There are 2 protein chains.
Amino acid sequence: MMETQQEVTTFFESGYREYWPNICVDCAIFGYHEGKLQLLLTKNKILTKWCLPGGYVKKTETLDQASARITIERTGIGNLFLKQFKTFGDPGRNQPYGAFDPEKLYEISGVRIDEKSWLMGSAISVGFYAITDIVKTTPVADFFSSECSWIPINEIPHLGFDHDKMVREAIFTMRMHLYHFPVGKNLLPDKFTLKEIKQFYEEISGRELHATNFPNKLIKLGLIVKLEEKKRIGAHRSPTYYKFNDEVYEKALREGLVLV
Amino acid sequence: MMETQQEVTTFFESGYREYWPNICVDCAIFGYHEGKLQLLLTKNKILTKWCLPGGYVKKTETLDQASARITIERTGIGNLFLKQFKTFGDPGRNQPYGAFDPEKLYEISGVRIDEKSWLMGSAISVGFYAITDIVKTTPVADFFSSECSWIPINEIPHLGFDHDKMVREAIFTMRMHLYHFPVGKNLLPDKFTLKEIKQFYEEISGRELHATNFPNKLIKLGLIVKLEEKKRIGAHRSPTYYKFNDEVYEKALREGLVLV
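What counts, and where the lines are drawn
- Residues numbered from 1 in each chain as written.
- Chains lettered and ligands numbered in written order.
- Predicted model: local features only at pLDDT ≥ 70, side-chain atom pairs only at ≥ 80, totals over all residues.
- Heavy atoms only, no water.
- Helix = DSSP H or I, 4+ residues; strand = E, 2+ residues; numbered from the N terminus.
- Buried < 20%, exposed > 50% of the residue type's maximum accessible area, 1.4 Å probe, protein only.
- Contact = heavy atoms within 4.5 Å.
- Areas by Shrake-Rupley, 256 points an atom, 1.4 Å probe, with all protein chains shown as cover.
- Lys, Arg positive; Asp, Glu negative; His and termini not counted.
- Charge placed at Lys NZ, Arg CZ, Asp CG, Glu CD.
- Pairing = 2+ DSSP bridges.
- Salt bridge = Lys/Arg side-chain N within 4 Å of Asp/Glu carboxyl O.
- Polar contact = N/O pair within 3.5 Å; in protein donor to acceptor, adjacent residues only side chain to side chain.

As a further point, take the overall build of chain A. Per the secondary structure count, chain A includes seven helices and nine strands. Dimensions of chain A, computed from C-alpha atoms along their principal axes, come out at roughly 70 × 35 × 25 Å. Across the 260 residues that make up chain A, the buried fraction comes to 52%. Within chain A, contacts between residues separated by at least 24 positions form 75% of all contacts whose residues are at least 6 apart in sequence. Split by element, the accessible area of chain A, about 12,800 Å² in all, is 48% carbon and sulfur. Put simply, chain A has 34 plus and 33 minus side-chain charges, and the middle of one group is 7 Å from the middle of the other.

Here it is as structure tokens:
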């Protein structure tokens, strides 16, 4: 992570030795808490706009490693299950440093760059997304960000660069993947009722689901199993608790399934 | 397309001016004909292995444009609806020219390259896939290929580079997309029976589908509409013809749907 002035200067002057000058990763981190879906955004100091956290890929790392490293460096959040959603490569789509006011850049970073800088060219960006539990994370703004915050997905402002388009694609793919990869472990409590898991899937997918067909499908696939214990809500209401079947869940994450 | 010796020499010597030296596109083109799914492969003259058609991305083109150009240049097949499936970027995953025997490369191309060539480094590759009608296409081998042929997907040999992994990912994503984007126009006849469209989806998806639930879902979504005309099979068998509703089909291609 760039923290000192020296690290920033080295990155600007000779980062091309360590990083591909034309390959970036951007990460759409969705957070779930108390029934609401949010998106993690960083406010770029130079652009003064909200953006997805992102950065350049090192020549020695895989794209998966790059997305994990960049997320932790830019936001302080680690241990995410990041999945690719799409790669963006229109010429000129993203010339981050070309888009910056050079004076502003100097003010923030203490570095002056010119047309010949390795950072001035166009870059393609591989988009990754993840879903995490907001409570288990503490976002931290990095050197280039004034803020790093969770924003409810229906309140996302106009973003910098082409990140509006990226977020649309990330949401689309995340919701498509919901039908093929299980989600909920580490986001729902260890035991939950059928109503709770249905509400969870409804919030993430943005769709209404069938009250009985949907949970029955989860049971039929073996993804969730019934517990003896019941939830005590009132005298006449005591729905049964369920939990995930870890083995089926992990296998489905690796191989995919059809969940509708 | 590289056809002359001069074009090949120019590409090897100064291609880095026109192309990103570290960004490629590889295309998994699936073909459907008479109930069978096949994959288009090119036999690399230098590697003497079957591979997906692929190539370097120009600095002035989008990734979509690159995938369309490369497919037509390498195989002669144009007008495909290509969709991204995944980007591959493990360090050292694909150093095409590093993997070639230099003498063999010289014999085929008439060019000698050394360690300093722009073609020697590692490259990431953006994977695209498409499904087309085999009858409407005529594959043509390019300068670097000895053959360009359709191979049934259950007979695909061990491929060069990391293309085995790419094909697995392409098939996985293509089959996942089947549940969210319609397919069949230009592959099925203009009018078809419910049994025919079910068999078509079964072959592409590699799964058995429900005899009535599946076609009913297509009808309910408005993707296919009933015609007056019936198919004459025998005295007591005359199933009704259906056709795609173009408007619903195109909208679903743009926006996606849930088809299970």
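What follows deals with the environment of Arg207(A). Structurally, the position occupied by Arg207(A) is in the loop between helix 5 (194-205) and helix 6 (213-220). Those residues in contact with Arg207(A) that lie beyond four places of it in its chain are Tyr179(A), Glu202(A) and Val258(B).

Here the focus is the pairing of strand 5 (residues 83-88) of chain A. Residue and element names in this part refer to chain A. The element strand 5 is largely enclosed, with a buried count of five among its six residues. Here strand 5 pairs with strand 6 (residues 124-133) via five bridges, running antiparallel. Looking at the pairing, Lys86 lines up with Gly127 of strand 6.

Below, the discussion takes up the interface of chain A and chain B. Between chain A and chain B, the contact holds 29 residues from the first and 29 residues from the second. Across the chain A-chain B interface, the total number found is zero salt bridges. Summed over the shared surface of chain A and chain B, the result is five residue pairs in polar contact (both at pLDDT 80 or more). Elements that contribute at least two residues to the side of chain A that touches chain B include exactly strand 1 (19-33), strand 5, strand 6 and helix 4 (163-177) of chain A. Counting residues per element, the side of chain A that touches chain B draws most heavily on strand 5 of chain A, at four residues.

Bringing the side chain of Gln84(B) into the picture now. By the secondary structure assignment, Gln84(B) is in strand 5 (residues 83-88). We classify Gln84(B) as buried; its relative accessible area is 14%. Side-chain polar atoms of Gln84(B) contact the backbone oxygen of Thr87(A), separated by 2.7 Å. Apart from the residues lying within four places of it in its own chain, the contact partners of Gln84(B) are Lys86(A), Thr87(A), Leu63(B), Val126(B), Gly127(B), Phe128(B) and His177(B).

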